[in-house]
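# A closer look at the structure
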Amino acid sequence: MKKHVLLSMLLMFAIVVQSWGQLNRSIRGQVTSEGGDPLPGVSVIVKGTTVGASTDVEGRFSINNIPADANTLVFRYLGFADQEVRIGERNIIDVTLTASSRSIEEVVVVGYGTQTREELTGSIASVTAEALEDIPVVSVDQALQGRAAGVQVTQNSGTPGSGIAVRVRGAASIGAGNEPLYVVDGVPINTGNYSAIGTGGQQTNALADLNPNDIASMEILKDAASAAIYGSRASNGVVLITTKRGANAKTKINFGYYTGVQETWNRLNTLTGPQQVELYNEMVFNRYGDATGLGFASQADLTAYFFNGFRRARNDAGLWAAVDRPDGLRAVSTFEDPSTAPNTDWQDQIFRTAPISNYDLSISGGNERTKFLVSGTYFDQQGIVIGSAFERANGRLNLDHSISDKIRVGTSLGISRSVNSRIQNDNNINGVVSTALLVASDIPVYREDGTYAKDPGASTENPVAAAVEPTLSAISARVIGNTFAEWDILPSLRFRTTFGIDYLTFREEDFRPTTTNTGAGSNGLGQMSYRQDVSWLNENTLNYNKVFNEIHDFSALVGISYQQSTFNSIFAAATGFPGNDIQQLSAGSIKTDASSSESAWGLESYFSRFNYSLMNRYLFSASVRADGSSRFGANNRYGVFPAASVGWRISEEAFMENLDFLSELKLRASYGITGNSEIGNFDALALVGAGANYLQQAGLAPTQLGNPNLTWEETKQTNIGLDFGVLNNRIVLNVDAYLKLTDNLLLARPLVGSSGFTSVQENIGSMENKGLEFALTSYNIESNEPNGFNWNTNFNIAFNRNEITKLYGGNPYGVGFASWVEEGQPLGAFRGYVVDGIFQTQDEITALNDAAAASTGNAGAVYQSAATSPGDIRFRDLDGDGRITGDDQQIIGSAQPRYTGGLTNNLSYAGFDLSFFFQFTQGNQIYNNTRAFSEGMNGVFGQTAGVLNRWTPENTDTDVPRAVYGDPNNNRRTSDRWLEDGSYIRLKNIVLGYNLPTSLTERVHLQRARLFVQSQNLFTITDYSGFDPEVNTFSGSNAALGTDFLVYPQARTITFGVNIGL
Amino acid sequence: MIHNKYFKIVALGLLLSSTACDPLDVEPQASLPAETALDNRTGAEAGLIGAYSALQSVNYMGLRYFTFADLTADNAIHSGTFPSFAQISQQNILPDNVELSNMWNAIYAGINRANNLIANVPNVDDPAFNQESVLGQARFLRAYHYFNLINYFGGSTTGFGDNGLGVPLRTEPTITPEDANPTPRASEAEVIALVLEDLDYAIANLPESFAGAAGKGRATQAAALALKSRVQLYQGNYQDAAELAQQVIESERFTLVDNYQDIYEQRNTAESIWELQFDPVNDNSIAFFWLPTGLGGRNEVSPSPDLAAAHEEGDERLNTNVLTPTYTGKYTRISDGTDHVMLIRYAEVLLNRAEALARLGGIENLLEATSLLNEVRERAELAPVVELTQEALIDAILQERRIELANEGHRWFDLRRTQRAAEELEITDPNRLLWPIPQREVLNSEDLVEQNPGY
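Fair warning: this is a prediction, and the values are worked out from it, not measured in the lab. (Residues numbered from 1 in each chain as written. Chains lettered and ligands numbered in written order. Predicted model: local features only at pLDDT ≥ 70, side-chain atom pairs only at ≥ 80, totals over all residues. Heavy atoms only, no water.)

## A closer look at the confidence of the model for chain A
Residues and elements named next belong to chain A. Going by this rule: A residue's pLDDT is the predictor's confidence in that residue, given on a scale from 0 to 100. The way it works is that DSSP assigns letters per residue, a run of H or I at least four long becomes a helix, a run of E at least two long becomes a strand, and they are numbered from the N terminus. The contact definition used throughout considers only heavy atoms, calling two residues in contact when any of these lie within 4.5 Å.
Across chain A, pLDDT averages 89, with 97% of residues at or above 70. The least confident element of chain A is helix H1 (residues 4–11), whose mean pLDDT is 35; the most confident is strand S47 (residues 979–981), at 97. When the criterion is pLDDT under 50, residues 1–23 qualifies, and its contacts beyond four places in sequence or with other chains add up to 52 contacts.

Below, the structure written as structure tokens:
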């Protein structure tokens, strides 16, 4: 029964079909719902003809002129299962339709309107509220994961409220955005990261402001035909989010609550303190040999000297002896007897079992003229890493009111406030997870005096101090609202005007007390940032719908849209605080920063769409949007984005009538052009910027080269699809094949640095995505009994092949740690050296060095490094020049998966329901930079157990090199050594629920009561050795993908909950 | 006529929304259009400040340029985590080392700022505008940038002034994307010729001093003379080097301060000729990189044990150069990041002249060189040296230079120009004496900018 509000709009377009064949008999009857309510607007058609009628307000129909050879009537009504009834000899046929949730009969939200799925000619995936129910997701993009074919969602980390990568049909951009456009109840919203304070990796996510509980449905517009109506912002797909609304029904009160725990599902196996100290001894010995040669009293003194902060003094014998630190960390004695070293499990110190809970209350209802929905939600999540948390409160008011039969007004208004308690993370020596892995286990948590123990040989923060001591909170307060008025000027002509806003404020407070490394030197460091992004939108559309001659169903749309978004920021910082208690900047004695900025963009658009359906069999659609964007160069300000599509419902043809098992067969094809304008607001202009100050005087300096020709990226997408339904659509298969060709890629063309600039924004590259998508929905078992056994399955799988087809001058370049952007390679390719085994003897090395000297004519030339020794890695000389140089790197892998998908099963019986959802990614690789540190054996960092198999003269059959201080052979350079298979399949969600029997609920005056238990990430099958295969430290990056570096891992969550309907 | 009423409301709303705001009418609020920014007095004066500001980059004189000159030599060790620093410390620098391109780009950004001024200043017609001074400072800065580039990326395996390799030579500002097209490397001689020409203009046009507490932060005539003296010393033009240094000495504007530590503690002392200024708002992270964690630093680099050992017994400077446990007393202002960088100071000028005279030889020159050397030694409370042979005197001056200018960005260049790097640092491959041209530059110029041999 869902979406009746939306359906009501469509009812008036119901087909009124009269006969056009030979005059004959007539039939009449009434159509009702299971509850006995008459259904108006049901389409009743004589199968295999265009003869038919639609029901009136009392659900009655009457068809005259029925051809003599007719034998079946087809009843169709949105939201209900189609029903075919044999006519036989009857003249009166009464029918009861049953509500259906089958996807093919669904109403689908499209850009500026709705359509039924059977009318669709484009490629649109829908995710309904059911898929979001009961699941503890922070943000709506998370909820898309695995649910729709061709929509790849990667949760870059487990950081609460952090950024998530969503790619619709692959990445279409390198230099501009790759995230889809999100439209909430008609308002294209601002998304992305608003944080001004770097934490080393994970960004914040403005989509986390939305409340997943508010959502009625999400539609992902994948092909150009569906997305082109959004013009210059549609290349990455469009996600239309529709929130729940009230209905003409008795007031319903729903209360939902869940609570549970989260914990790590995987830990890394690190060395113990004693193992670590043994390693230190070996590293230093392998580098410097006998300590006496360096004038040290003993080997332990030499190692201690290197790891306690270079403290030494001459002893009586005139030899160097390491001097113990006053705090006793890394005393010489522990190097003499490693077994006496402390042993700290840092992961135990920073990970915790953390609570998560959600409270949700909604009240909805209405009458014929006014419908409403009011809801409030409170979400509270502690992170599995101490010091991290996310909480959010949301409120919503959605109203619809009919002023008269012809005029309606309404509003959708969502407000939210979220508090994200952040921690430093990832690529950051002050990060929590980072230091928990980098600080070795021979350092205790606290010194004897109770202060934090800090690694004397490195500048890493104490992991517990990193988590607990700093304050870093991000508070987002936001209003997203849209108000509309509609006027039916004529029965077939509707005018609609909307005014929408997205008002976002984002405040950050950061304070590093003197107990932290970053605050110690400056007597406390405080930073405050306030950012505001205010977007307004006005749209005006005219919609025309008319059926001519019963078989020609026309609809047309024209519209104008204006949108402008203005961004303001203020940033201030101070140091020199009177202690750690007053954290406001007013207390800081030295103001180190004070700045503000403003930026804006505007969009002026004209759009139109035309749909034509002939006999509900032949479907045509065309749309065009003209966008003017303030972001583009004076020479290229306006762009036109057309699209067209056709559909052929073969199953409606007379010649298919005898194929009874076949309920739907539709062929779709579309082509269109979309754009991508997600670049900086002023990238087209040549600018001289302020802030190049000196001597406390204001300075100016050139900051950007201009490009008046700058324009949007352009994607030409072809889509061919097939919808196939059998057994009255119990099994529906959707297949789509697409080819996305993106040109004019907005790239920072690298310039020679000698120009004084490093790049200029130009439209240079090209990219190609092609793929296949399969989505299968099957109602395996359907029971007619109210509490019978039901089982349905959704399966989707998508194959996308991404290739960069053109870069400026064909020049490849590196990003991130190992990621590489090169023509002919997919975005997210990895490049590095290739390991060619381990040197076992000095003779091997000498022979290669001699060859290098001979081939270069330089006696001093060496194969790899002058310090290469047995046990070091031999890298492959790919270019055959006898030496290892930068040219000996090649593409070693890719972060792009071969395929991704999801499998959902929903079962219900006797009040119980079970839903389990697997999500999988296959064939991608991960560059595990964490291991480059945790198995690098080059310095002071804590190591993982892999290094226990390191090369020694006794342990030569291994692929782990020797331990040597400083790693002079650079064994840990970027190479395939750190590349791992990132494939995984995980039970993303499993929910078991029980609906209390009505007999029980009625006794306590409840409409509905449901208890459930849920688990997220219950298990994951993967060969990946890191915390989690779903990872990217470069949150928000287009090209640096699939890279793990000390990333906050995802949690396994178990929750219990209840839903109550009053 | 209910329809009419609503129609009017709707029409009014439409009218308001479409006329009140033109969504495309958006202009930057934090920047100026490049065409007109520098063509007037305030713009050009701000542009000059911006040109100085280029020096403050963390990839240039804000940390890395001078730090690396000691790190890649023997005055500093790598005690931190950056693999890019490790390569530099081990003189095993790969062309894709990000420090190379960052530094190269930062220096050329400075050159472009100077070139913008040099092109615009002659057009600024304003009686209140001191064209010569601004142009002199801009050309001084350009000379300094090019000289700094040669020191790492140019010259030859035998030092400087020996038919060496240069860097791309740009003397015009980059205004349009076309201006940014690659330029091949000029020869060392061509680059040095421009450096000398710019410095001669600066010497002729720069004022003797600038008013105000931060007057040391700007290039004066003495700074230009001292810099030219350094250039000529590197080039092996000892007569010139000695004479230019003498002009600075004879100006009598500078003296050695009594206490070595005061140079860094007090800043802008009588010894300072040109000093890169920082303040709490416009700060640096030098101390953060140099100080140990216990003092709030990240301990990325530390003075080397070798440097400590190189001090003579009783050398006062040890208490500044190597503190216990192993950190420098030169960069300590971690709380507000206001350590200054000693770009040119008087002690160097004395040692420039001493070395130039010693190399020219002759008894008088050797005597004067000895006395200049002893002037520096005396301040360090070291006994004067006497009656050394020419060779021993040069050794002593270079040894003095190492200690006196430790971790101020001289050591690698001194070792290079004196052809001592290979021996002192045990570098077997002479190609390592020139740093590789950043791979990025070679790639983006499609090999028009040629890589140094051996990389």
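## Topic: the pairing of strand S11 (residues 151–155) of chain A
Residues and elements named next belong to chain A. Selection rule: Type-normalised accessible area, obtained with a 1.4 Å probe on protein chains alone, sets the label of each residue: buried when under 20%, exposed when over 50%, and partly exposed for intermediate values. Here, a strand pair is defined by DSSP locating no fewer than two bridges between the strands.
In terms of burial, S11 is largely enclosed, as four of its five residues are buried. Bridge count between S11 and strand S12 (residues 164–168): five bridges; the pairing is antiparallel. Bridge pairing links valine 153 to valine 166 in S12.

## Side note on the packing of helix H7 (residues 188–205) of chain B against helix H8 (residues 221–235) of chain B
Residues and elements named next belong to chain B. Under the convention used in this document: Note on geometry: axes are C-alpha line fits, over the in-contact stretch for helices, and angles between N-to-C directions span 0 to 180 degrees. In these notes the angle categories are as follows: under 35 degrees is roughly parallel, over 145 is roughly antiparallel, 65 to 115 is roughly perpendicular, and the rest is oblique. A clockwise turn of the near helix away from the far one marks a right-handed crossing, whereas an anticlockwise turn of less than a right angle marks a left-handed crossing. Residue polarity is assigned by list, with Asp, Glu, Lys and Arg as charged and Ala, Val, Leu, Ile, Met, Phe, Trp, Tyr, Cys and Pro as nonpolar; anything else, Gly included, falls into the polar class.
Running from amino to carboxyl end, H7 crosses H8 at an angle of 155°, the nearest separation of the two axes being 9 Å. The orientation of H7 relative to H8 falls into the category roughly antiparallel. Like other packed secondary-structure pairs, H7 and H8 cross with a definite hand, here left-handed. Residues Glu188, Ile192, Val195, Leu196, Leu199, Asp200, Ala202 and Ile203 of H7 form the contact with H8, whose own contacting residues are Gln221, Ala224, Leu225, Leu227, Lys228, Val231, Gln232 and Gln235. Broken down by class, the residue content of the contact of H7 with H8 amounts to ten nonpolar, three polar and three charged.

## Comments concerning the environment of alanine 30 of chain B
Relative to the helices and strands, alanine 30 of chain B is located in the loop between helix H1 (2–20) and strand S1 (31–33). Setting aside residues up to four positions removed in sequence, alanine 30 of chain B forms contacts with Ser597, Gly689 and Ala690 of chain A.

## Details of the sheet that holds strand S7 (residues 95–97) of chain A
Residue and element names in this part refer to chain A. Pairing within the open sheet is mixed, and its three strands lie in the order S4-S1-S7. Strand pairing shows two members of the sheet lacking a second neighbour, strand S4 (60–66) and S7, which therefore form its edges. Across this sheet, the average inter-strand angle for adjacent strands is 30°, counted without regard to direction. For strand S1 (residues 25–33) and S7, the ladder comprises three bridges, and the chain directions are parallel. Residue pairing across strands places serine 33 opposite leucine 97, the latter belonging to S7.

## Description of the nonpolar core
Residues and elements named next belong to chain B. The cut-off we apply is this: In this text, buried Ala, Val, Leu, Ile, Met, Phe, Trp, Tyr and Cys residues form a nonpolar core when linked through side-chain atoms within 4.5 Å.
Residues Phe140 and Trp412 are the most contacted members of the largest nonpolar core, which totals 119 residues. The dominant element in this core, judged by the number of residues it contributes, is helix H6 (residues 131–153), at 13 residues. Setting aside residues no more than four positions away along its own chain, phenylalanine 140 makes contact with Leu199, Ala202, Leu206, Ala219, Ala223, Ala224, Leu227 and Trp274.

## Let's talk about the pattern of salt bridges
Operational definition: Salt bridges are defined by distance alone: a side-chain nitrogen of Lys or Arg within 4 Å of a carboxyl oxygen of Asp or Glu.
Applying the stated rule across the entire model yields 82 salt bridges over all chains. Here glutamate 58 of chain A ties to arginine 60 of chain A by a salt bridge, and the two come within 3.8 Å at their closest N and O atoms. By sharing partners, the salt bridges in this structure join Glu271, Glu312, Asp315, Arg317, Lys330, Arg345, Arg377, Arg379, Glu400, Glu404 and Glu408 of chain B into a single network.

## A short note on unusual backbone geometry
Residues and elements named next belong to chain A. Here leucine 727, not a glycine, exhibits a phi torsion of approximately 50°, which is positive. With respect to the element layout, leucine 727 can be found in the loop between strand S34 (713–726) and strand S35 (731–750). What makes leucine 727 partly exposed here is its relative accessible area of 47%. The phi dihedral of leucine 1046 is positive, around 55°, even though this residue is not glycine. Turning to its location among the elements, leucine 1046 is positioned in the loop between strand S51 (1043–1044) and strand S52 (1051–1061).

## Topic: the UniProt feature "domain: SusD-like N-terminal" (unreviewed entry) in chain B
Let me state the cut-off plainly: UniProt positions are given in the numbering used here, feature names are shortened, and annotations may be inferred rather than shown by experiment.
In this numbering, the UniProt entry assigns the feature "domain: SusD-like N-terminal" (unreviewed entry) to residues 24–233 of chain B. Spanning residues 24–233 of chain B, this segment combines 50% helix with 6% strand, and its end C-alpha atoms are found 59 Å apart.

## Details of the pairing of S34 of chain A
All names here are of chain A. Relative to S34, strand S31 (residues 662–676) is paired through 14 bridges, and the arrangement is antiparallel. When the sheet's bridge partners are listed, threonine 674 is paired in S34 with threonine 715. Strand direction decides the pairing type here: S34 and S35, joined by 13 bridges, are antiparallel. Across the sheet, residue isoleucine 720 finds its bridge partner in S35, namely alanine 737. Remark: four residues form the turn of the hairpin made by S34 and S35, two consecutive strands paired antiparallel; leucine 727 in that turn has positive phi of roughly 50°.

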